[in-house]
Structures are given as structure tokens and as C-alpha cells.
Amino acid sequence: LTPRHMAGLVAVLEDHDRGRIGVEAYYSGRQFLDDNPYRTRSRPYLLLGVLGELRLGQLRLFVNAENILNVR
């Protein structure tokens, strides 16, 4: 029941004085479904996320957004 095709990509841009920002993307291909009476195979899907850090003196602010496309 593992997807036949999977891929992931994470990219981060960092400035040592100001902070960093990153993007992550994960792709899962079709896979067989056991306990679904309506379908035998799933649809491929893409998960996107964004993360960031902002440095303000000794204070650091973090933001992390997962599953931006609201995949279910």
C-alpha cells in the first residue's frame, strides 16, 4: 500500500543577520486502497509548506504553515 512514486524538495534561504525562509514540497503518487468501498486507488497529491524565522535582536519569531493546499 505504499505509493509507487514519491518525491520531496526542501529549499531554505538564510541571511545570518535577519533570519531564514524555506519552502517544502512533497509529492505522493497513486496507491492502492484497502478499506475504501468507493475507490481502489487514491489520487496523486502534493503537500506544500512554508517556514520562516525572523531575528529581532535577541528575539526570534518562527512561522510554520503545513499543508497549504488543504489536501485530504
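1. A few points about the pattern of salt bridges
Inspection of the entire model under this criterion finds three salt bridges. When the shortest N-O distance is used, the salt bridge between Arg20 and Glu53 registers 2.7 Å. With a gap of 33 residues between them, Arg20 in strand β2 (residues 19-28) and Glu53 in strand β3 (residues 45-56) connect regions that are remote in the sequence. A salt bridge links Glu53 to Arg55, with the shortest nitrogen-to-oxygen separation between them at 3.5 Å. What emerges from the salt-bridge pattern is a single network uniting Arg20, Glu53, Arg55 and Arg60.

2. Quick look at the sheet that holds strand β4 (residues 59-65)
Judged by pairing direction, the sheet is antiparallel, and its four strands sit side by side in the order β1-β2-β3-β4 without closing on themselves. Each of the sheet's edge strands pairs with one partner strand only, and the pair in question is β1 (6-15) and β4. Here the strands of the sheet are splayed against their neighbours by 10° on average, with no regard to which way each runs. Bridging between β2 and β3 involves ten bridges; their strand directions are antiparallel. Within the sheet, the bridge partner assigned to Gly19 lies in β3 and is Leu54.

3. Some remarks on a nonpolar patch on the surface
On the surface, a cluster of nonpolar side chains totalling about 710 Å² of accessible area is made up of Leu13, Ile21, Val23, Tyr27, Leu46, Val50, Ile68 and Leu69. Take the nonpolar patch: its biggest share by element is three residues, from β2. With respect to the helices and strands, Val50 occurs in strand β3.

What counts, and at which threshold
Residues numbered from 1 in each chain as written. Predicted model: local features only at pLDDT ≥ 70, side-chain atom pairs only at ≥ 80, totals over all residues. Heavy atoms only, no water. Salt bridge = Lys/Arg side-chain N within 4 Å of Asp/Glu carboxyl O. Helix = DSSP H or I, 4+ residues; strand = E, 2+ residues; numbered from the N terminus. Pairing = 2+ DSSP bridges. Axes fitted to C-alpha atoms, helices over the stretch in contact; angles between N-to-C directions. Patch = residues over 30% accessible without salt bridge, like charges linked within 9 Å, V, L, I, M, F, W, Y side chains within 5 Å. Areas by Shrake-Rupley, 256 points an atom, 1.4 Å probe, with all protein chains shown as cover.

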